[in-house]
Amino acid sequence: MLQNPNSLSENPLYLAGELTHRFHKRLTHAFRKAKVGVTVEQFSVLALLYYQDGLTQQEIAEALGRDKATITRILHIMERELLLERADDALDKRSKRVALTALGKQKQEEMVQISGALYFEILADIPTEQVQLACNTLAQMLKQV
């Protein structure tokens, strides 16, 4: 039986949120330092499209857990910066398919190098078994929400 946490440092939900917040902050700083000109939010779109090019705006919103209006705004900015292009869906003219441009793919690859280095820096002193256990635990918790 799960006990009530005695402090925030014993609350896995708080710790997961705090880790996400701090990683986002460090990644933002790293992207600015490298002058990639792309935000962490835009990077998540670039990464998703890198592996699943041609998604609709709705599919992107669902995959990233964001509302459609937020994704539409992000996509508009990224399209203006020539990182992606939107085209009418062949089957549904009301829908747009989103694809990375060559510049978008290049930026995504640059940013993967930066985020990967930060990822390995953060996990450097943690045994693989503990990382795997944490991943398994978080995956189980995600199934509950």
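What you see is a predicted model, and the numbers here were worked out from it, not measured in a lab.

**Considering the packing of aromatic side chains**
(1) Moving on: Across all of its chains, the model carries 3 aromatic pairs by this definition.
(2) Moving on: With 5.4 Å between their ring centres and 80° between their planes, Phe 31 and Phe 43 make a pair best called edge-to-face. Of this pair, Phe 31 sits in helix H1 (residues 12-33) while Phe 43 sits in helix H2 (residues 40-51); the two residues are 12 residues apart in sequence, bridging distant segments of the chain. The same class applies to Phe 31 and to Phe 43, which are both buried.

**So, the pattern of salt bridges**
(1) Moving on: Throughout the structure, instances matching the rule amount to 5 salt bridges.
(2) Moving on: Between Glu 18 and Arg 22 there is a salt bridge, with the nearest N and O atoms lying 2.9 Å from each other. With Glu 18 and Arg 22 both in helix H1 and 4 residues apart, the pair spans about one turn of that helix.
(3) Moving on: Using a relative accessible area of 53% as the deciding quantity, one classes Arg 22 as exposed.
(4) Moving on: Its salt-bridge partner being Asp 88, residue Lys 96 comes within 2.9 Å of it at the nearest N-O pair.

**Details of unusual backbone geometry**
(1) Moving on: With a phi angle near 55°, Lys 35 is a residue other than glycine that sits in the positive phi range.
(2) Moving on: Following the sequence through the fold, Lys 35 ends up in the loop between H1 and H2.
(3) Moving on: Taking the relative accessible area as the measure of exposure, Lys 35 reaches 71% and is therefore exposed.
(4) Moving on: Although it is not a glycine, Leu 82 sits at a positive phi angle of roughly 65°.
(5) Moving on: Within the fold, Leu 82 resides in the loop between helix H4 (68-80) and strand S2 (84-88).
(6) Moving on: With a relative accessible area of 57%, Leu 82 lands in the exposed category.

**Here we look at a nonpolar patch on the surface**
(1) Moving on: A contiguous nonpolar surface patch, about 260 Å² in accessible area, is contributed by Leu 8, Tyr 14 and Leu 15.
(2) Moving on: When its relative accessible area of 33% is taken as the criterion, Tyr 14 is described as partly exposed.

**A closer look at the nonpolar core**
(1) Moving on: In this structure, Phe 31, Val 45, Leu 49 and Ile 60 are the most contacted members of the largest nonpolar core, which totals 24 residues.
(2) Moving on: Sorting the residues of this core by element identifies H1, H2, helix H3 (57-64), H4, strand S3 (96-100) and helix H5 (102-123) as the ones contributing at least two each.
(3) Moving on: The element best represented in this core is H2, accounting for 6 residues.
(4) Moving on: Not counting chain neighbours up to four residues away, the residues in contact with Ile 60 comprise Val 45, Leu 48, Leu 49, Leu 55, Ile 71, Leu 75 and Val 98.

**A few points about the packing of H2 against H4**
(1) Moving on: In the contact formed by H2 and H4, the axes pass within 10 Å of each other and the chain directions differ by 85°. Between H2 and H4, the crossing angle belongs to the class labelled roughly perpendicular. Facing H2, whose interface residues are Glu 41, Gln 42, Val 45 and Leu 46, H4 presents Ile 74, Leu 75, Ile 77 and Met 78.
(2) Moving on: Split by residue class, the contact of H2 with H4 holds 6 nonpolar, 1 polar and 1 charged.

Parameters and conventions
Residues numbered from 1 in each chain as written. Predicted model: local features only at pLDDT ≥ 70, side-chain atom pairs only at ≥ 80, totals over all residues. Heavy atoms only, no water. Phe/Tyr/Trp six-rings, centres within 6.5 Å; stacked < 30°, edge-to-face > 60°. Helix = DSSP H or I, 4+ residues; strand = E, 2+ residues; numbered from the N terminus. Buried < 20%, exposed > 50% of the residue type's maximum accessible area, 1.4 Å probe, protein only. Salt bridge = Lys/Arg side-chain N within 4 Å of Asp/Glu carboxyl O. Patch = residues over 30% accessible without salt bridge, like charges linked within 9 Å, V, L, I, M, F, W, Y side chains within 5 Å. Areas by Shrake-Rupley, 256 points an atom, 1.4 Å probe, with all protein chains shown as cover. Core = buried A, V, L, I, M, F, W, Y, C linked by side-chain atoms within 4.5 Å. Contact = heavy atoms within 4.5 Å. Axes fitted to C-alpha atoms, helices over the stretch in contact; angles between N-to-C directions. Parallel < 35°, antiparallel > 145°, perpendicular 65-115°, else oblique. Nonpolar A, V, L, I, M, F, W, Y, C, P; charged D, E, K, R; others polar.

Spatial relationships are all this shows, so hold off on functional conclusions.
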